[in-house]
Amino acid sequence: MAKKVTESFLNQLLPNFVIEHVGIESKLKDSIEIDSPTKGGALKVYFDSNDMKDAEIRISNAIELRNFMLTKIEELKKKE
C-alpha cells in the first residue's frame, strides 16, 4: 500500500515550489491524469480547456516537477 506524502515532506523536498490547492469552485474544471499510482505515481493536472496555451504550460510544468520530485526521492533513498 502506498504511503501518504505529507505537505511538510513536500515542502522539505521542494523548498522553492509553492503547493497550490485547487478548490472545487476553481475555474480549472478540466483535468488530465498521466501514469498510474503503481508506476511512480499518478500526476493529475487541472486546467481550463478554453485556454490551450495555459493548459500546455501547466502540463509541461507538472511533468517537469514530477520528474524533479522522483529524482529527489531516489537521492534520499540512496542516503538511507
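Keep in mind the model is a prediction, meaning the values are calculated, not measured.

Visitor: So what about the confidence of the model for the protein? Which residues, and what values?
Guide: Taken residue by residue, the protein gives an average pLDDT of 76. The fraction at 70 or more is 65%. The element-level mean pLDDT for the protein is lowest in helix H1 (residues 7–13), coming to 64, with helix H2 (residues 52–79) highest at 88.

Visitor: Give a description of the pattern of salt bridges that names residues and reports values.
Guide: Applying the stated criterion across every chain yields a total of 3 salt bridges. The partner of Arg 58 in a salt bridge is Asp 54, and the shortest N-O contact between them spans 2.8 Å. Pair noted here: Arg 58 and Asp 54 are both in helix H2, with a separation of 4 residues, about one helical turn. By relative accessible area, Arg 58 is classed as partly exposed at 27%. Residue classification places Asp 54 among the partly exposed positions, given a relative accessible area of 23%. Glu 74 is the partner of Lys 77 in a salt bridge, and the nearest nitrogen-oxygen pair spans 3.7 Å.

Visitor: Kindly report on the environment of Ile 34, identifying the contributing residues and their values.
Guide: Inspection of the secondary structure assignment puts Ile 34 in strand E1 (residues 30–34). Each C-alpha atom, one on Ile 34 and one on Ile 63, is 8.9 Å from the other, the two residues being 29 residues apart in sequence. Not counting residues up to four positions away in its chain, the partners in contact with Ile 34 are Gly 41, Ala 42, Leu 43, Ile 59 and Ile 63.

Visitor: If you had to explain H2 to someone new, which residues and values would you point to?
Guide: The first and last C-alpha atoms of H2 sit 41 Å apart over 28 residues, in line with the 40 Å expected at 1.5 Å per residue. Those residues of H2 that fall on the buried side of the exposure criterion are Ala 55, Ala 62 and Arg 66. Taken together, the buried residues of H2 touch strand E2 (43–47).

Definitions and cut-offs
Residues numbered from 1 in each chain as written. Predicted model: local features only at pLDDT ≥ 70, side-chain atom pairs only at ≥ 80, totals over all residues. Heavy atoms only, no water. pLDDT = per-residue confidence, 0-100. Helix = DSSP H or I, 4+ residues; strand = E, 2+ residues; numbered from the N terminus. Salt bridge = Lys/Arg side-chain N within 4 Å of Asp/Glu carboxyl O. Buried < 20%, exposed > 50% of the residue type's maximum accessible area, 1.4 Å probe, protein only. Contact = heavy atoms within 4.5 Å. Expected span 1.5 Å × (residues − 1).

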